[in-house]
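Each chain, written out:
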Amino acid sequence: MSAPGINDFTLRVATVNGTGSASANGLLMKAIFRMGVPVVGKNIFPSNIQGLPTWYEIRVTGDGHAGRDGEIHFVIAMNPETYADDLASLAPGGVLLYDSTWPRPQLLSRPDVTVLGAPLSAMCNEAFKAARSRILMKNMAYVGAAAALLDLDLDVIKQLVTEMFAGKEKLIPLNMQAVELGRNYALQNFTCPLNFRTKPMEKAKGKIMIDGNTAAGLGMVYGGATFGAWYPITPSTSLMDAFQLYCDKLRVDADTGLHNYCILQAEDELAAAGLVIGASWAGARGFTPTSGPGISLMSEFIGFAYYTEVPLVICDIQRVGPSTGMPTRTQQCDIQLCAYASHGDTRHLVLYPAHPGECFEFAAMSLDLAERFQTPVFFLSDIDIGMNDWMVDELTWPEDYVPDRGKVLSAEDLEETKAFYRYLDVDGDAIPYRTLPGTHKKGAYFLRGSGHTKLGRYTEKGEEYKEVVDRLYDKWKRAAAFMPAPVVTPASRPARLGIIAIGSSDGAVREARDRLEAAGMPVDYMRIRGFPFSDEVAAFVEAHDEVFVVEQNRDAQLLGLIITETAAQKEKLTPVLHYSGEPLNYRFVYDAIENAVKVRKIA
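Quick notes on the rules
Residues numbered from 1 in each chain as written. Predicted model: local features only at pLDDT ≥ 70, side-chain atom pairs only at ≥ 80, totals over all residues. Heavy atoms only, no water. Helix = DSSP H or I, 4+ residues; strand = E, 2+ residues; numbered from the N terminus. Buried < 20%, exposed > 50% of the residue type's maximum accessible area, 1.4 Å probe, protein only. Polar contact = N/O pair within 3.5 Å; in protein donor to acceptor, adjacent residues only side chain to side chain. Pairing = 2+ DSSP bridges. Expected span 1.5 Å × (residues − 1). Bend = angle between axes of the 7 residues up to and from the residue. Core = buried A, V, L, I, M, F, W, Y, C linked by side-chain atoms within 4.5 Å. Contact = heavy atoms within 4.5 Å. Domains from an automatic or database assignment. Buried area = accessible area lost by both parts, 1.4 Å probe. Salt bridge = Lys/Arg side-chain N within 4 Å of Asp/Glu carboxyl O. Nonpolar A, V, L, I, M, F, W, Y, C, P; charged D, E, K, R; others polar. Axes fitted to C-alpha atoms, helices over the stretch in contact; angles between N-to-C directions. Parallel < 35°, antiparallel > 145°, perpendicular 65-115°, else oblique. Left-handed = near helix turned anticlockwise from the far one by under 90°. Phe/Tyr/Trp six-rings, centres within 6.5 Å; stacked < 30°, edge-to-face > 60°. Patch = residues over 30% accessible without salt bridge, like charges linked within 9 Å, V, L, I, M, F, W, Y side chains within 5 Å. Areas by Shrake-Rupley, 256 points an atom, 1.4 Å probe, with all protein chains shown as cover. Lys, Arg positive; Asp, Glu negative; His and termini not counted. Charge placed at Lys NZ, Arg CZ, Asp CG, Glu CD.

### With respect to the side chain of D384
Argument step 1. By the secondary structure assignment, D384 is in helix α13 (residues 383-387).
Argument step 2. When its relative accessible area of 3% is taken as the criterion, D384 is described as buried.
Argument step 3. Among the polar contacts listed, one links the side chain of D384 to the side chain of K42, at a separation of 2.8 Å.

Printed below as a string of structure tokens:
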């Protein structure tokens, strides 16, 4: 564990929700990124509209790590109510900058950190007349102070401010004036720059900053979705916002102005799922974004889509539960909920993206899988991926992509068919043929959620019912071959230890694995990307003496799913569980595995 240094430190801004600090914080992160330095941004905010504490954390990581560090080295403390916590959060040797308009002598009580005071409010009160401007410009003033202390490129900041206020050019000089106020005060009163600071690099070439919900919304457009229905819920609403934004740009006929898409806000999540089922049955590609509470409400329609074999894509952006939980905090707590959602015997296809790049890719993949297998598909992200900006490779799209519509009979097919039976396994692959309404009179059938035979007729005979649900199970098992393969990162030498994780745990796990190996403890790592699991999962467990399953929930849901759905030996699996609601950091993973290994050696 190294001390902070050039392009290797974590900055946290402590503010109050509703004060307009988000733009300033984003500006700080983007400025560092524009200097070619990899960054990781995490927003920790309350679920109310305004008035409660919020923190924005920026990890500057020249090595290009994708997860949190777990230590804070520089705090910009703008919320007096959290000064004590902010001071306590600093690692030894850290720096705290606060608004000294109201002096806080008690901040000097910790001798192992440096406390810097800048009268940011007083300077802005003197320089700006409007009350709202004084509040907003105070944020830009701390950007300027941070620029001096961290040696940020002022030209880059000017360019970002210009872009931020394009179309509102009169605001550009005001914001730059505030930046200069903070920067000049820091240069005149503090030793600048700090020992840990930024230095231009070339590691951001070919990279973009984007959040997972935006990437998923764009992926849905590229994947051919033309219908979306949802009921607003944190943290999934911005996915639909992104879908609408890109539809407005890409799905409007330039000549006629006609919109080639439909977006409906339903009265609740259950209705949203029903709308998507109806659209999919009619032949459109559709989806609904939601979170855990929405999945609970959709349960009845999820079972209906599974049993009637209608394509349904649900984007679950996980948050902390149970019940309302903490709506703006992150967890991986819907793993088993999505695998088996609805009453009765159901098993679903689930995708686990780890970053916005995969959100873009997996959004389109979920549409293909839903139509190929005529079944619900869950796109399982979380608030960390969905609402935080990540540095990822530039998004690319294959020019030869053709949507996989699955086994859909055309009018010509039906004309040549002697008889059409909706649930008959004609090809022996457990997937029947489907038809779209209005295609041909031979393709008409009665859609029912009650017991039905392979010919689509009503039944309450046990063997006829069993024949259908056994085929559904067979179809689900066959889907394993079509899920994205696990990503395996082997140690540089034979390892008896392994790690398994999914989704947003990936960045922290990869860094912990690298540092464990550097400390003489080689560990192989498998990131699972889809459910049902491939045979590789059990084989990975079999190849190791002990496998740590890292996940962000209390109940070891991923571990339990592995035990239930694979031949993996339960005795080899050890849970590493993080469920505080804050994004996972590498130190948590490193310490958990190192301590477990020490205990084994002592025993």
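Moving on from the model shown.
### Some points on the sheet that holds strand β12 (residues 349-351)
Remark on secondary structure: sheet strands pair via backbone hydrogen bonds, oriented parallel or antiparallel.
Argument step 1. Spatial ordering of the open sheet is given by β9-β8-β10-β11-β13-β12-β18, a layout of seven strands whose pairing is mixed. At either margin of the open sheet sits one strand with a lone partner, and together these are β9 (262-265) and β18 (530-531).
Argument step 2. One ladder, built from seven bridges, connects strand β11 (residues 312-318) with strand β13 (residues 376-382); its direction is parallel. Looking at the pairing, V313 lines up with V377 of β13.

### Observations concerning helix α12 (residues 356-373)
Argument step 1. Helix length check: α12, at 18 residues, gives a terminal C-alpha distance of 25 Å against a target of 26 Å (1.5 Å per residue), a fit within 8%.
Argument step 2. Within α12, the axis deviates most sharply at F362, by approximately 25°.
Argument step 3. Taken across its 18 residues, α12 has 16 buried, putting it largely inside the fold.

### Re the nonpolar core
Argument step 1. Counting 81 residues, the largest nonpolar core has M220, F287, Y352, I500, I528, F533 and I562 as the members making the most contacts within it.
Argument step 2. Here the element with the most residues in this core is α12; it accounts for nine residues.
Argument step 3. Apart from the residues within four sequence positions on either side, F533 is in contact with Y352, A480, I528, L558, L561, I562, E565 and T566.
Argument step 4. In terms of nonpolar packing, the next biggest core, distinct from the first, is built from 55 residues, Y56, L120, L152 and M209 among them.

### Examining the domain arrangement of the protein chain
For interface size, the figure often reported is the accessible area lost on association.
Argument step 1. Once the domains are mapped, the protein chain shows domain 1 (8-189), domain 2 (210-393), domain 3 (411-481) and domain 4 (487-602).
Argument step 2. Using C-alpha coordinates to define each centre, domain 1 is positioned 36 Å away from domain 4.
Argument step 3. Counting residues at the interface gives 11 residues for domain 1 and 11 residues for domain 4.
Argument step 4. Of the roughly 880 Å² buried between domain 1 and domain 4 on both sides combined, carbon and sulfur atoms contribute 46%.
Argument step 5. Three residues stand out in domain 1 for area buried against domain 4, namely H65, R68 and D69, and they jointly supply 50% of the buried area on that side.
Argument step 6. Here E511 ties to R59 by a salt bridge, and the two come within 2.7 Å at their closest N and O atoms.
Argument step 7. At the boundary of domain 1 with domain 4, the tally comes to six residue pairs in polar contact (both at pLDDT 80 or more).
Argument step 8. Per-class residue counts for the side of domain 1 that touches domain 4 are two nonpolar, three polar and six charged.

### Here's the deal with the packing of helix α1 (residues 21-34) against helix α5 (residues 154-164)
Argument step 1. Orientation of α1 relative to α5, taken along the N-to-C sense of each, is 130°, at an axis distance of 9 Å. One finds that α1 runs oblique with respect to α5. Along this stretch, α1 crosses α5, giving a crossing that reads as right-handed. For the pair α1 and α5, the contacting residues are S23, L27, K30, A31 and R34 in the first and V156, I157, Q159, L160, V161, E163 and M164 in the second.
Argument step 2. Partitioning the contact of α1 with α5 into residue classes produces seven nonpolar, two polar and three charged.

### Concerning the packing of aromatic side chains
Argument step 1. Scanning all chains against the criterion turns up 16 aromatic pairs.
Argument step 2. Between W397 and Y401, the aromatic rings sit 4.8 Å apart at their centres with planes inclined by 65°, giving edge-to-face as the arrangement.
Argument step 3. With relative accessibility at 23%, the residue W397 sits in the partly exposed group.
Argument step 4. Of the aromatic side chains, those joined through ring pairs into one cluster are Y340, Y473, W476, F531 and F533.

### Observations concerning the pattern of salt bridges
Argument step 1. Taken as a whole and judged by the stated rule, the model has 33 salt bridges.
Argument step 2. Note that R471 and E309 form a salt bridge whose closest N and O atoms lie 2.5 Å from each other. With a gap of 162 residues between them, R471 in helix α15 (residues 462-478) and E309 in the loop between α10 (292-308) and β11 connect regions that are remote in the sequence.
Argument step 3. With relative accessibility at 9%, the residue R471 sits in the buried group.
Argument step 4. A salt bridge links E358 to R527, with the nearest nitrogen and oxygen atoms 2.9 Å apart. Of this pair, E358 sits in helix α12 while R527 sits in strand β17 (residues 523-527), placing them 169 residues apart in sequence.

### Concerning a negative patch on the surface
Argument step 1. Taken together, the side chains of E412, D413, E415 and E416 present a region of like negative charge at the surface.
Argument step 2. Mapping E415 onto the fold places it in helix α14 (residues 411-416).

### Description of the environment of I317
Argument step 1. Position of I317 relative to the elements: it lies in strand β11.
Argument step 2. Between the alpha carbons of I317 and Q332 there is a distance of 9.3 Å; along the sequence they are 15 residues apart.
Argument step 3. If sequence neighbours within four positions are ignored, I317 has contacts with N213, P235, S236, L239, T290, S291, F379, S381, D382, I383 and G386.

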